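Secondary and tertiary structure notes
Residue strings, one per chain:
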Amino acid sequence: MCPHLNWRTFLKVLIHCGATTIVFYTGIYFLRTSRLILGLFVLLLITDLFSRLSYDAALTITIWMSLFNAPKSEAISFLSENIPLITFSAILTCCLVFLRPPELKKPIVKTITIFSFSYMLLPTLFSYQSLFLTEGYQTHVNQSRAMRTSEYLIDLEHIALDIAWRLPIVESIIGILHTAGHMQPAITKKKTTHWLNVKQKDNVPNLLVLVIGESMRADHLALYGYSKPTTPQLSLLTDELNVYKNAYSAGTSTWNSVPAALTWNSDISGPDLSIIKLAQAVGYKVHWLSNQRPYETWGITVTAISKQADIQTYISKNASSQQLDGALLPYFDKILEERNPEDKDLLIVHLYGSHLTFSDRYPQDFDIFQRSNYMASEAAIVPPYDNSILYTDYILSRLISKLKPFGGGLIFFADHGLADKRSPIPLKHDVRANVSLNSLHVPLLTAGPNRNTLPDQSTYSLYYFPCLFSAWSGIEATQLGNADQCTNALSTDIISYLGADLTLKQVPAPNQLN
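Keep in mind that this is a model prediction, so the values were computed, not measured.

Definitions and cut-offs
- In this convention, every chain numbers its residues from 1, walking through the sequence in written order.
- Given that this is a predicted model, residues contribute local features only at a pLDDT of at least 70 and side-chain atom pairs are listed and counted only at 80 or more, while totals for whole chains, interfaces and linings are drawn from all residues.
- With hydrogens and water stripped out, all remaining heavy atoms of the structure feed into the side-chain values.
- A pair of strands is treated as paired once DSSP finds two or more bridges between them.
- In this description a helix means any DSSP run of H or I spanning at least four residues, a strand means any run of E spanning at least two, and both kinds are numbered starting from the N terminus.
- Any two residues having at least one pair of non-hydrogen atoms within 4.5 Å are treated as being in contact.
- For helices, the fitted line uses only the C-alpha atoms of the stretch in contact; every axis is such a line through C-alpha atoms, and the angle between N-to-C directions lies from 0 to 180 degrees.
- To estimate the expected span of a helix, subtract one from its residue number and multiply by 1.5 Å.
- Residue exposure (1.4 Å probe, protein chains only): buried if accessible area is under 20% of the type maximum, exposed if over 50%, otherwise partly exposed.
- An arc is given here, and it is the one of the directions from the helix axis to the C-beta atoms.
- What makes a patch is a set of residues exposed beyond 30% relative accessible area and free of salt bridges, joined within 9 Å when like-charged and within 5 Å when nonpolar (Val, Leu, Ile, Met, Phe, Trp, Tyr).
- Method for areas: the Shrake-Rupley scheme with a 1.4 Å probe, in which residue coverage is limited to the protein chains shown.
- Each reported salt bridge corresponds to a side-chain nitrogen of Lys or Arg within 4 Å of a carboxyl oxygen of Asp or Glu.
- In plain terms, two cysteine sulfur atoms within 2.5 Å form what is called a disulfide here.
- Orientation categories follow fixed angle ranges, with anything under 35 degrees roughly parallel, anything over 145 roughly antiparallel, 65 to 115 roughly perpendicular, and all other angles oblique.
- By convention, the crossing between two helices is left-handed when the near helix turns anticlockwise from the far helix through less than a right angle, and right-handed when the turn is clockwise.
- Lys, Arg, Asp and Glu make up the charged group, whereas Ala, Val, Leu, Ile, Met, Phe, Trp, Tyr, Cys and Pro make up the nonpolar group; the residues left over, Gly among them, are polar.
- Under the rule applied, a polar contact is a pair of N or O atoms within 3.5 Å (in protein, one hydrogen donor and one hydrogen acceptor; residues adjacent in sequence only if both atoms are side-chain atoms).
- You can read pLDDT as the predictor saying how much it trusts each residue, on a scale of 0 to 100.
- Side-chain rings of Phe, Tyr and Trp, where Trp is taken by its six-membered ring, are said to pair if the distance between their centres is within 6.5 Å; with planes under 30 degrees apart they count as stacked, over 60 as edge-to-face, and otherwise as tilted.
- Whether a charge sits over a ring depends on NZ of Lys or CZ of Arg being within 6 Å of the ring centre and within 35 degrees of the ring normal.

Judged by pairing direction, the sheet is mixed, and its eight strands sit side by side in the order β5-β4-β6-β2-β7-β8-β3-β9 without closing on themselves. Because the sheet does not close on itself, it has two edges, and the strands there are β5 (311–314) and β9 (460–461). Strand direction decides the pairing type here: strand β2 (residues 207–213) and strand β6 (residues 345–350), joined by six bridges, are parallel. When the sheet's bridge partners are listed, L207 is paired in β6 with D345. The sheet strands contacting helix α15 (residues 329–338) are β2, β4 (285–290), β5 and β6, and the helix crosses β6 at an angle near 180°. Sheet strands in contact with helix α17 (residues 465–473) are β2, β6, β7 (409–414), β8 (441–447) and β9, and its direction is about 165° off that of β7.

The subject of this paragraph is helix α5 (residues 83–98). Compared with an ideal rise of 1.5 Å per residue, which puts 16 residues at 22 Å, α5 spans 22 Å between its outermost C-alpha atoms and is within 8% of the ideal. Here α5 has its buried residues at L85, S89, T93 and V97. What you see down the axis of α5 is that its buried residues fit within an arc of 85°, all on one side. Exposed and oriented more than 90 degrees from the buried face of α5 are P84, I91 and F98.

There is a patch of nonpolar side chains on the surface, built from W7, F10, L11, L14 and I15 and spanning about 530 Å² of accessible area. Turning to its location among the elements, W7 is positioned in helix α1 (residues 7–30).

The next subject is unusual backbone geometry. Of the consecutive residues L356 and T357, the connecting peptide bond is found in the cis state with omega at 0°. Structurally, the position occupied by T357 is in the loop between β6 and α16 (382–403). Located in the positive-phi region is S215, a residue other than glycine, with phi close to 55°. In this fold, S215 is placed in the loop between β2 and α11 (232–235).

In total, this model carries one disulfide according to the counting rule given. Each disulfide pairs two cysteine sulfurs, and for C467 the partner residue is C486, the sulfurs being separated by 2.2 Å. One disulfide, between C467 and C486, carries an S-S torsion of -85° and so falls in the left-handed class. With a gap of 19 residues between them, C467 in helix α17 and C486 in helix α19 (residues 485–489) connect regions that are remote in the sequence. In terms of burial, C467 and C486 fall into one category: buried.

Moving on to the packing of helix α6 (residues 106–126) against helix α9 (residues 151–164). In a packed pair of helices, the relevant descriptors are the angle between the two axes and the axis-to-axis distance. Following both chains from N to C, one finds α6 and α9 inclined at 125°, their axes separated by 9 Å at the closest point. When the axes of α6 and α9 are compared, the pair comes out oblique. In the packing of α6 onto α9, the handedness of the crossing is right-handed. Here α6 contributes M120, L121 and T124 to the contact with α9, which in turn contributes I159, D162 and I163. A breakdown of the residues in the contact of α6 with α9 according to their chemical character gives four nonpolar, one polar and one charged.

What follows is about the side chain of S257. Within the fold, S257 resides in helix α12 (residues 254–261). Overall, S257 belongs to the buried group, its relative accessible area being 1%. A polar contact of 3.4 Å, which involves the side chain of S257, links it to the backbone nitrogen of G251. With residues near it in sequence (within four places) discarded, S257 still touches S249, A250, G251 and D415.

Here we take up α12. α12 sits mainly inside the fold: eight of its eight residues count as buried. Turning to α12, its buried residues are T254, W255, N256, S257, V258, P259, A260 and A261.

Turning to the confidence of the model for the protein chain, a few remarks are in order. Predicted confidence across the protein chain gives a mean pLDDT of 83, with 84% of residues reaching 70 or more. Within the model, pLDDT remains below 50 along residues 185–189, and this stretch shows 16 contacts once partners closer than five positions in the same chain are excluded.

The next thing to look at is the packing of aromatic side chains. The final tally for this structure, using the stated rule, is 14 aromatic pairs. Taking 5.1 Å as the distance between ring centres and 85° as the angle between the ring planes, the aromatic pair formed by F132 and Y137 counts as edge-to-face. Residue F132 is classed as buried on the basis of its relative accessible area, which comes to 19%. Looking at Y137, the relative accessible area reads 15%, which means it is buried. A cation over a ring is seen here: R32 above Y29, with NZ or CZ 3.9 Å from the ring centre. Over the ring of Y224 we find K245, and its NZ or CZ is 4.9 Å from the ring centre.

Below is the structure:
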């Protein structure tokens, strides 16, 4: 036996796997008389298994949102990359649905039924009182309330999560319920705001541009020390930029990270305290210019946030997000040309950046990094990813160049990164329970006359981006200044972000880790 193998742990895992198998078999056995219900049950089992094998995570709300929102081309690409796993899942599904289990004798049926219920419920029943006395329970209550979970469901869900330790599929069922609960619009477009005592400092540009990148790891930018020259244009502008080395995204995917970053307290279930409404309160006309697709039915997505803007332009509304980000430039030019120089304008430009599929995110002229220059294990995915960053570098440099004659200020950050190229889920959304901080490490930079206004600190948690936006734009409000809330929120000791399950995670910053 391997000297590093803990035989007790191995035995526990073996017992757990065997017990879980019996539980699943019992469920399939009792559902065998209805092929439809059996099929749905098996489909859930296999989908959960597929998620754990491909994403190393349960079916959280984030994964469900990604599945439902994926453009056709992206879905086809994902399926083609996982053909062996999909084939295995399909065969297993057919076997479980169409090869019905044989009739068992009543004593056997009774035994496996009692065993299944005992294994699922008895440990929870024996520890029932202590479940509600832990720090973990209070954390669950706070997180559930932030997600606007009904009070009477909070304790029930906590019990279900305890059962999920023995029956993992329960966690995925909770993910489904969370997803269904967030499908109603929750964000108002009214110009009224709950920001208090909003005012703006003097000598701030009346033209502000916020650019949001997509799926960009900081360690793949030459500006951040990457060995490949992925940011040649921005590197030429270093004297005109402030590059912040240690910024961490507000979430693990676009649909939770962007709403969290753009709203105070990051309550994405009802973010009326958004930077859009903050800017509008001091007279800014807000333009939302996006190369991502709008999703009308999801109340907490980026689309819902964008509806707060005065003007929304989605250039890929009917194109499955297949247009290159360069298609945004003419729209950007038009806004600059038609605006009154005396007016206040905030332009929020949402790129499609380095979203899967990477090779679809740049024109042929930017197909610079080739497989021959990479390790064999990286050659399939890293070169097109780096090329997509090279193209984003070009887009950003063009935006900065176009903005300069108008004296406007620009701030850029990426919505989230991706898992490390050498991880079990290379360059995919890191939706694992224990996210690597490198998956959250993203670029943050400023340009223009107000580029030196961000607070000077070693680490920036974009979960509190409204604080950074306030410093950069000079727009203040009671909530942002009351009792030094932003000072405390931007502590360099802790990184805050929303996990794939929409729970707030707080971990030590890298400079605090031992």
